[in-house]
Structure formats: structure tokens, C-alpha cells
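# Descriptive structure summary
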Amino acid sequence: MEKIIIDTDPGVDDAMAVLFACLSPNIELVGLTSIFGNVTTDIATRNALALLEMAGAEHIPVARGADRPLGQPAKAVAADVHGVEGFGDVPPMSPKAAPLDESAADFICRMVNTHPGEITLCPVGPFTNIALALRQDPGIAKKVKNVTVMGGSLEEGGNVTPHAEANIWQDPHAAREVFAADWPVTMVGLDVTHQVVCTPEHFAGLTDAAPKLGGFLNDAAQFYFAFHRKENGIRGCHMHDPTAVISIVRPDLFGCRDCALDVIVDGEKIGATVAATGQSGSPSKVCMDIEIDAVRDLFLDTIKTGF
Ligand code: BDR
Ligand code: CA
């Protein structure tokens, strides 16, 4: 059983990742921490609580994260990709539970210190909360099991600029700190997530099998499909965030390259992830190959076990 904290900006594909984690028999979801990116931190916090309530998992805590990046003004949220409220055209929900009275960084430090060697941190939004936790308690670097990030791109180019992936571009300084630290990092970036596409038919099948959870994902995905059709000419959508979570429970489905990483924090290529030169941190594992069908089927089959 993998103990995971997902740091998230829900977000259509974030919703896929969180519901996958709730339903996977191999994951103990320790908590969610919220972050700006696809939506504001306020909306991300509300949406994180709503996803857990929808899944009947309101006992899982949510800690509110940072409102802005570490080293630059906040960028606009990605309303064109995920809708103004985060789940496409699905109307906003009003979850009953409240977030913890503890910041995301405090929660991450407390959980990692309580369960040394057991927790995988999985940021699927900008890495601000992870960098803040590390600044606050550098000792957590030796106590996390792994830091598995959705973000970046080594050879695939960017998705918000020709060079930058969205989660890195939103807070390049935080990403740089996370990659430079001496802890084990696995980067699940566009090199692999651009290889996995789910079609409208795949999502329609989710509604049939699991009307509430699958139906919600299918409804939310319609807006996301429209974005992919317009921007990428794809019939379907990429599965960025669930792919990162899947890599934690099924690392055998991925081929990785050892590479120390750095992030460009200014100029035309701001937000690009590049191979580091002369860096002291441990080399990251960068996912470059993926068993496409197996990853997609694991996602779909797991959601279908829902209700
Ligand atoms: C990442 O950016 C966000 O739009 C998605 O939720 C994902 O985390 C992909 O670049
Ligand atoms: Ca995300």
C-alpha cells in the first residue's frame, strides 16, 4: 500500500488523479493539499474537498496551500483548459467539510515526520507547497519515500510555451528548488503524458460502469476534449495527472532515465526543465517510456470499480 499526498489544483485531469487514488486498492491517500494553477487556491481547496465528498472519502484531510508563486507574480489561471470553476462546465459544488486549520506546508512536514520513509509526495500542480515544506523543514528530504511530480518535459517541448510545461511555468523557482534538493524525485512529464490519450468513447464507458464518479469525469472531460481538439488537434485528452499517480503504484509500466534537472527561471525559455550541469542534488528519474495501453486501461478499469 503506497501512502500518498497529492498536491493538486483541480482541474479536470486532477479530478481523474484524485478519484483514481481514492479507488485504487494499492493507495492510501493520506491527504490532499491545494495549490493555484488551473484555478485559484480558494477554488482548488473547494474542489479538492468536493472530490473527496463525491468519493465518500470526506475523512481524508485537505490542507490549503499557497496563493502565489515564490519568485514571480502569479500567472493567469487556466480557465481555457479546465473552465472557470475547474471541472469544465460542471457547476461548482459546495462541499460540507472544511480544510484543516493548518497550511499545506505544515501538513506535509507533519505527515512526513510522522511516517518517515513511507510517504510519496505527488505534486500535480505548481510545486510551490513542496518547496515551502522543504524550506520550512529541510529534514523531510531524508524522510520522504519519493517525490513524484507531474510536470516538466525533457525532450517533448512545452505545452504553455514552446519550452515550458504548465506546472513548472506557473512557479519555476519552486520547481528549481524541488529538483535541486537531495531527495529522490521522479519526473512524470510531457515526454510520457503526451503519449496517453483517452477518447470520448473511453469516458462514455466510465459513465455506464460508474454513473456517479465516472459520469462526473465524463461530464467534466467534455470541456477538456474541446480544448484538446482546438489546441492539439486531438480527439480525446491527455491524462497528465493520473499518469503521475499510476507511476507510483506501477513503476514497471515506465522506463526512466537518470538525469539531474534544473529549471530556467528567466528569459525566453523560462519554465523549461533542462539537464543540470554541476548540480549537487541526486539525479532525478525522468520517465521517457510508457506502456500506453496498460496505463490507460489501469486508469479506466479502476474508475469503473467506483459507483
Ligand atoms: C498540467 O497542467 C495542468 O493544466 C494539468 O492539470 C496538469 O497538471 C499539465 O501540463
Ligand atoms: Ca494539475
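The preceding data block contains the structure.
Residues numbered from 1 in each chain as written. Chains lettered and ligands numbered in written order. Predicted model: local features only at pLDDT ≥ 70, side-chain atom pairs only at ≥ 80, totals over all residues. Heavy atoms only, no water.

Once that is clear, we can look at the site of ligand 1. As a matter of local geometry, ligand 1 sits amid Asp-13, Asp-14, Asn-38, His-82, Val-124, Met-150, Asn-159, Glu-165, Ala-166, Asn-167, His-240 and Asp-241. Residue Val-124 places a main-chain N or O atom 2.8 Å away from an oxygen atom belonging to ligand 1. Contact distances for ligand 1 include 2.6 Å between an oxygen atom and a side-chain N or O atom of Asp-241. Coverage of ligand 1 by the protein chains reaches 95% of its 280 Å² of free accessible surface. Among the secondary structure elements, those contributing two or more residues to the shell around ligand 1 are α1 (12-23), α6 (166-170) and α11 (240-249). (Near = heavy atom within 4 Å. Polar contact = N/O pair within 3.5 Å; in protein donor to acceptor, adjacent residues only side chain to side chain. Areas by Shrake-Rupley, 256 points an atom, 1.4 Å probe, with all protein chains shown as cover. Helix = DSSP H or I, 4+ residues; strand = E, 2+ residues; numbered from the N terminus.)

Before going further, it helps to examine the sheet that holds strand β6 (residues 185-188). Judged by pairing direction, the sheet is mixed, and its eight strands sit side by side in the order β3-β2-β1-β4-β5-β6-β12-β9 without closing on themselves. Looking at the sheet topology across the chains shown, the edges are occupied by β3 (62-63) and β9 (254-259). As defined by bridge partners, β9 adjoins strand β12 (residues 284-290) across six bridges and the pair is classed as antiparallel. Its bridge partner lying in β12, Arg-257 is registered against Val-286. Of the strands in this sheet, β1 (2-8), β2 (27-34), β3 and β4 (119-123) touch helix α4 (residues 104-114), which is tilted by about 155° from β2. (Pairing = 2+ DSSP bridges. Contact = heavy atoms within 4.5 Å. Axes fitted to C-alpha atoms, helices over the stretch in contact; angles between N-to-C directions.)

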